[in-house]
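Per-entry structural report
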There are 2 protein chains.
Amino acid sequence: MRIVEDALDANNTIAHANRGDFDRAGVTVVNLMSAPGAGKTTLLERVLPELGHVRVGVLEGDVAGSLDADRLAGLHIPVTQLNTDAGFGGECHLDANMVRSALPALALDDLDLLVVENVGNLVCPAEFRIGEDARVMVCSVTEGEDKPLKYPLMFRASELVLVNKVDLLPHLDYDVEKFLYHLESVHPGVPHMLMSARTGEGTEAWRDWLAALATRAGAPA
Amino acid sequence: MRIVEDALDANNTIAHANRGDFDRAGVTVVNLMSAPGAGKTTLLERVLPELGHVRVGVLEGDVAGSLDADRLAGLHIPVTQLNTDAGFGGECHLDANMVRSALPALALDDLDLLVVENVGNLVCPAEFRIGEDARVMVCSVTEGEDKPLKYPLMFRASELVLVNKVDLLPHLDYDVEKFLYHLESVHPGVPHMLMSARTGEGTEAWRDWLAALATRAGAPA
């Protein structure tokens, strides 16, 4: 549909402008996506305090409220809330223009890494680039093994897949190998990490991945 | 935004036409919504075979694939698949026009109850009426207690809230009372039912609710 194509073209133009601002400030940007309740905020609570010398900030996307921003504020890092119901029609995703509207509130020059926590949704966020360096998605084992097949664009769009809530595996009818088989079928070779935000199991790999990305992309050209 | 309002107006017009067709055929229609992986299909597998004399059919909405329709086909009830990526731009919800496009494939005169399983998404499906009698949402306890506050429109739009996966409560940090307090704050008085599609606990209430709705609405005027 032409209207959709135009909207995506405009989005890409603005995403490119965001990318320029991020580059000038030397900030690496991660777009973190998942279904509602998959554990994005808890995973950030786990690893952001352990990033050492990396100066990190968070842009919190939600339809309404500031619950996640309030939780992260306890980490003593800069957190900016972006609500899609105020002026953006209650959109189910963040797009480049919404992120751009928040840039003045972000002290980019004081950051090495910006994590954008997208609206909980497995469909639309994957269609809108925001000027990020990497897209990371969280998939909880409570959601079932079939999700890559049902929401293929999201899994294809992601550079890293975090498989969360593995502490619940003993209580679920969930076959990790089956999930990984489906994941590989829609996005061959995409890296994944198994972890539990609740217990902390496996989260070091995610922390180290973030730190390495921030260091690599933030290096002077 | 005017474009959004126009789209919603057009949707309501088509929803009204759907409603007329459902009424003429004497079919009660339930729009079943939830986040991805909350257990909509499993809840249908549990109760649809136990509806006695109620003749039930299912319209399965998914972005891609027919995994859920394949699962339900084993119940020997009519199941029609509707994919939003084929001709509908990969939409993250069902709207009245998509449902209308599927009506010729549904033998409405042979049904008392049609359950429309929407795309897994806690935002957009709530904005689009499809001509249904009732909107029912499923919320899994694995998603956390805060979801009514973060996705208020979905919780407000629903006539019944099914709280699923309660068999996992012993393994979660989840406070049912806190969830119900949040639910009551965004949709005062909305009925809810606690259940586990996996164990079957509490699903009789959902079965009886469906049977009563089909009998009441399907009665001759």
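The sections below set out a description of the structure shown in this document. Everything numeric here is computed off the predicted structure, so don't read it as measured data.

Here we look at the packing of aromatic side chains
Residues and elements named next belong to chain A. Under the definition given, this model contains six aromatic pairs over all chains. Between Phe155 and Phe179 the ring centres are 6.3 Å apart and the planes differ by 65°, which places this aromatic pair in the edge-to-face class. In this pair, Phe155 sits in helix 6 (residues 152-157) while Phe179 sits in helix 7 (residues 176-186), placing the two residues 24 residues apart along the sequence. This pair shows no difference in class: Phe155 is buried, exactly as Phe179 is. Grouping aromatic residues by their ring pairs yields a cluster made of Phe155, Tyr174 and Phe179.

Considerations on the relation of the copies chain A and chain B
Comparison of the two chain copies shows a relationship of rotation about an axis with a shift along it. Taken as rigid bodies, chain A and chain B are interconverted by a rotation of 180° and an axial shift of 0.0 Å, the fit giving an RMSD of 0.0 Å. The superposition of one copy onto the other is thereby described by a two-fold rotation axis. Using C-alpha coordinates, one finds that chain A approaches the rotation axis most closely at Asn121(A), a distance of 3.0 Å. Taken together, the interface assignments show that 100% of the residues at the interface of chain A recur at the interface of chain B, consistent with an identical surface on both copies.

With respect to the sheet that holds strand 7 (residues 192-194) of chain A
Residues and elements named next belong to chain A. Taken together, the seven strands give an open sheet; going across it, the order is 3-2-4-1-5-6-7, and neighbouring strands pair in parallel fashion. Edge positions in the sheet fall to strand 3 (79-83) and strand 7, since each has one partner strand and no second. Across this sheet, the average inter-strand angle for adjacent strands is 20°, counted without regard to direction. Across five bridges, the pairing between strand 1 (residues 28-34) and strand 5 (residues 134-140) is parallel. Residue Val30 lies in a different strand from strand 5, and its bridge partner there is Ala134.

Points about the pattern of salt bridges
A complete count under the given rule lists 30 salt bridges over all chains for this structure. Of the charged contacts in the structure, one is a salt bridge between Asp21(A) and Arg24(A), with a shortest N-O distance of 2.5 Å. One end of the pair is Asp21(A) and the other is Arg24(A), both in helix 1 (residues 2-25) and three residues apart, which spans about a single turn. A residue is classified by how much of its surface remains accessible, and Arg24(A), at 65% relative accessible area, is exposed. Salt-bridge contacts for Lys147(B) lead to Asp146(B); the nearest nitrogen and oxygen are separated by 2.6 Å. Considered together, Lys147(B) and Asp146(B) belong to a single accessibility category, that of buried residues. Among the charged side chains, a network of salt bridges with common partners joins Glu45(A), Asp62(A), Asp68(A), Arg71(A) and Lys150(B).

Focus: the nonpolar core
Of all hydrophobic cores here, the largest spans 56 residues; its most connected members are Phe155(A), Phe179(A), Phe155(B) and Phe179(B). Those elements giving two or more residues to this core turn out to be strand 5, helix 6, strand 6 (160-164) and helix 7 of chain A together with strand 5 (134-140), helix 6 (152-157), strand 6 (160-164) and helix 7 (176-186) of chain B. Not counting chain neighbours up to four residues away, the residues in contact with Phe179(A) comprise Cys139(A), Gly144(A), Glu145(A), Pro148(A), Phe155(A), Val161(A), Val163(A) and Tyr174(A).

The rules behind the values
- Residues numbered from 1 in each chain as written.
- Chains lettered and ligands numbered in written order.
- Predicted model: local features only at pLDDT ≥ 70, side-chain atom pairs only at ≥ 80, totals over all residues.
- Heavy atoms only, no water.
- Phe/Tyr/Trp six-rings, centres within 6.5 Å; stacked < 30°, edge-to-face > 60°.
- Helix = DSSP H or I, 4+ residues; strand = E, 2+ residues; numbered from the N terminus.
- Buried < 20%, exposed > 50% of the residue type's maximum accessible area, 1.4 Å probe, protein only.
- Least-squares fit on C-alpha atoms with pLDDT ≥ 70 in both.
- Contact = heavy atoms within 4.5 Å.
- Pairing = 2+ DSSP bridges.
- Axes fitted to C-alpha atoms, helices over the stretch in contact; angles between N-to-C directions.
- Salt bridge = Lys/Arg side-chain N within 4 Å of Asp/Glu carboxyl O.
- Core = buried A, V, L, I, M, F, W, Y, C linked by side-chain atoms within 4.5 Å.

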